[in-house]
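Each chain, written out:
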Amino acid sequence: MLECAIVGGGIHGTYLAQRLLEETAIERSALRIVDPHAQLLESFRRKARACEMSSLRSTFVHHVGTEPFGLEDFAEARNREDELLPTRAYPRRPSLSLFLDYADHVIERRGLESLHRQAAVESIGRETHGRSGESLVLETDDGDALESRAVVLAIGHGGRYRRPAWADGVEGIDHVWDEAFDPAATADETIVVGGGITAAQLATDLCERETVTLLSREELTTATVEADPRWINWNHVERQLHRHPPGSRRRLEVLQAAQNRGTIPPRLLETLESAANGDALSIRRGEVRSARGVDGRVRLLLETGGCLSADRVVLATGFEPVFEHPFVGHVADSCGLERGYRGMPVLEDETLAWRRTGGEASPVHVTGALAAGTAGPLAGTVIGARRAADRICHSIAVDTGPPMAAD
Ligand SMILES: Cc1cc2nc3c(=O)[nH]c(=O)nc-3n(C[C@H](O)[C@H](O)[C@H](O)COP(=O)(O)OP(=O)(O)OC[C@H]3O[C@@H](n4cnc5c(N)ncnc54)[C@H](O)[C@@H]3O)c2cc1C
């Protein structure tokens, strides 16, 4: 039986595995990262490629390793400091290639791929062992179940992309995160629907090779990062969020007010607006009423009555809410876990352990976007992985004992 199974091999799962090995007595042989992709971090890599992103929004101290200045040291040792990009009123940000090369370096040096089991977890159930306690059984899509004492859900947004109803069944409309979407596929004209960083990034890059319309429902707004950096600090999270009951509507309201959702960093908006001064990019504001295919093109009818058409439409409309993800609901039902407002997991604030409906802590812990009700508006970002690990590792270490001393 495993000591801990991490469901999801993205930034959060990969980071947490290292912290568990460093800070608890868990042996490598008793730890698994279960993820359906061939490689750890594949989901992040693919999304970054799809929107042709070239640099991170966050700073160089936010990365997959556990040493805060590890990425900077890595860049210096390889004469790649020029990939730490100066940013107005903000610390330097790494290029995407530097961020990923350092992530590969960490994964290789720590032998993390050997912890990776390539499978999707379909369900999690409880197994009781007389009076000695219980374990969790993870059913996977390859039919080979895993049994573990503790589980950490690190599923990101869970891979459900927001797709407006008007796009249903219309050929030529892809979501930017769809496996099928290829930004390099030839098109003369593309409409990008969305108003956040992904839409802006994609439109800016595509317009170098084709004609692009960026269609946004709201006026484009700027923010350097996803939320005020004070939310990195647990004291701030406790003062602002934990004063409301776990899983409550008030917590969701605090989160929504704090998150700079659908915003664009100022440097990217400047690039976008200067591209819009040329012929290849136009920025339109409007809401789509309906869509249909006409002569191999897609035509969008707008609420204001106007219409737009192009060879293809790309949706950069974000994710469906992870709190309402069917997998999250199944796990809650089968393990007797409490859900709050709009399905939010009710977690112990001190440990990120998901509470049972009876009120006691379960061995299911949560990190990433799904933990936002406890870890705050930056829970789903790279730095959110570090904050969540602070509490999860402590909780799991208490149960497994301190790490073995090195020889
Ligand atoms: C293009 C882009 C740019 C970004 N830039 C930044 C940035 O600059 N700074 C920043 O802080 N954040 C950034 N983010 C946010 C970023 O997504 C997160 O920081 C990070 O990827 C979240 O990691 P995660 O591990 O929670 O989720 P993910 O990277 O989504 O990984 C979750 C993993 O869980 C797996 N999974 C899901 N369900 C199951 C299951 N049932 N069984 C097994 N595995 C499962 C998925 O397949 C996936 O591999 C960016 C996001 C995108 C899309």
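All of these numbers come straight from a predicted model, not from anything done at the bench.

What to know about the environment of Phe99
Then, in step 1: Note that Phe99 resides in helix H4 (residues 96-109).
Then, in step 2: Spatially, the C-alpha atom of Phe99 lies 27 Å from that of His365, the residues being 266 residues apart in sequence.
Then, in step 3: When sequence neighbours within four positions are dropped, the list of residues in contact with Phe99 reads Leu56, His63 and Pro94.

Side note on the domain arrangement of the protein
Then, in step 1: When the domains of the protein are assigned, the result is domain 1 (2-159 + 320-400) and domain 2 (165-225 + 261-315).
Then, in step 2: Using only C-alpha atoms to locate each centre, domain 1 and domain 2 end up separated by 31 Å.
Then, in step 3: The interface of domain 1 with domain 2 comprises 10 residues on the first partner and 14 residues on the second.
Then, in step 4: Taken together, the residues that form the side of domain 1 that touches domain 2 break down as four nonpolar, two polar and four charged.

So, the sheet that holds strand S12 (residues 281-285)
Then, in step 1: Across the sheet, five strands lie side by side as S9-S16-S10-S11-S12; this open sheet has parallel pairing. What marks the edges here is a single partner per strand, and that holds for strand S9 (173-175) and S12. The sheet shows a mean angle of 20 degrees between the axes of neighbouring strands, taken without regard to direction.
Then, in step 2: Alignment of strand S10 (residues 189-193) against strand S11 (residues 211-216), held across five bridges, turns out to be parallel. What sits directly across from Ile191, in S11, is Thr213.

Concerning the sheet that holds strand S13 (residues 288-294)
Then, in step 1: Spatially, the three strands line up as an open sheet ordered S13-S14-S15, and their pairing is antiparallel. Two strands close off the open sheet at either side, each with one partner strand: S13 and strand S15 (307-310). Strand-to-strand twist of the sheet, defined as the mean angle between neighbouring strand axes without regard to direction, takes the value 20 degrees.
Then, in step 2: Relative to S15, strand S14 (residues 297-302) runs antiparallel, the two sharing four bridges. Considered in S15, the bridge of Val298 is made with Ala310.

Thoughts on the site of the ligand
Then, in step 1: Among the 35 residues in the neighbourhood of the ligand, the closest are listed as Gly8, Gly10, Gly156, Gly368 and Thr381.
Then, in step 2: Where the shell around the ligand is concerned, the elements lending two or more residues are helix H1 (11-23), strand S2 (31-35), helix H2 (42-50) and helix H11 (382-400).
Then, in step 3: With four residues, the top contributor of residues to the shell around the ligand is H2.
Then, in step 4: Classifying every residue of the shell around the ligand gives 16 nonpolar, 16 polar and three charged.

Description of the pairing of strand S8 (residues 146-153)
Then, in step 1: With respect to burial, S8 is a largely interior element, six of its eight residues being buried.
Then, in step 2: Note that strand S1 (residues 2-7) and S8 share five bridges and pair parallel. Within the sheet, the bridge partner assigned to Ile6 lies in S8 and is Val152.
Then, in step 3: As defined by bridge partners, strand S7 (residues 134-140) adjoins S8 across three bridges and the pair is classed as antiparallel. When the sheet's bridge partners are listed, Leu138 is paired in S8 with Leu146.
Then, in step 4: Between S7 and the antiparallel strand that follows it, S8, lie five residues; Gly143 among them carries a positive phi value of about 80 degrees.

What about the packing of helix H5 (residues 197-206) against helix H8 (residues 266-276)?
Then, in step 1: Closest axis-to-axis distance for the H5/H8 pair is 10 Å, and the angle between their directions is 40 degrees. Put simply, H5 runs oblique to H8. Crossing of H5 over H8 shows left-handed handedness. On H8, the residues touching Ile197, Ala200, Gln201, Ala203 and Thr204 of H5 are Leu268, Leu269, Thr271, Leu272 and Ala275.
Then, in step 2: Its residues placed into classes, the contact of H5 with H8 shows seven nonpolar, three polar and no charged.

Looking at the nonpolar core
Then, in step 1: Residues Cys4, Ile6, Val7, Leu16 and Val151 are the most contacted members of the largest nonpolar core, which totals 81 residues.
Then, in step 2: In terms of residue count, H11 provides more of this core than any other element does, seven residues in total.
Then, in step 3: In this structure, Val7 is in contact with Val34, Val121, Val151, Val152, Leu153, Ala154 and Ile155, ignoring residues within four places of it in sequence.
Then, in step 4: One finds Ile197, Leu214, Leu272 and Ala310 within the second-largest nonpolar core, a separate group that totals 33 residues.

Notes on helix H9 (residues 326-335)
Then, in step 1: Taken residue by residue, H9 has Val328, Val331, Ala332 and Cys335 as its buried positions. Buried residues in H9, looked at end-on, bunch into an arc of 100 degrees, giving them a common side. Opposite the buried face of H9, at more than 90 degrees from it, the exposed residues are Pro326 and Asp333.
Then, in step 2: Of the surrounding secondary structure, the elements contacted by the buried residues of H9 are strand S6 (121-128) and strand S18 (361-366).
Then, in step 3: Two residues or fewer past H9, Gly336 is found with a positive phi of approximately 65 degrees.

Each value, and the rule that gives it
- Residues numbered from 1 in each chain as written.
- Predicted model: local features only at pLDDT ≥ 70, side-chain atom pairs only at ≥ 80, totals over all residues.
- Helix = DSSP H or I, 4+ residues; strand = E, 2+ residues; numbered from the N terminus.
- Contact = placed C-beta atoms within 7 Å.
- Domains from an automatic or database assignment.
- Nonpolar A, V, L, I, M, F, W, Y, C, P; charged D, E, K, R; others polar.
- Pairing = 2+ DSSP bridges.
- Axes fitted to C-alpha atoms, helices over the stretch in contact; angles between N-to-C directions.
- Near = placed C-beta within 6 Å.
- Buried ≥ 20, exposed ≤ 12 C-beta atoms within 10 Å, placed from the backbone.
- Parallel < 35°, antiparallel > 145°, perpendicular 65-115°, else oblique.
- Left-handed = near helix turned anticlockwise from the far one by under 90°.
- Core = buried A, V, L, I, M, F, W, Y, C linked by C-beta atoms within 7 Å.
- Arc of directions from axis to C-beta.

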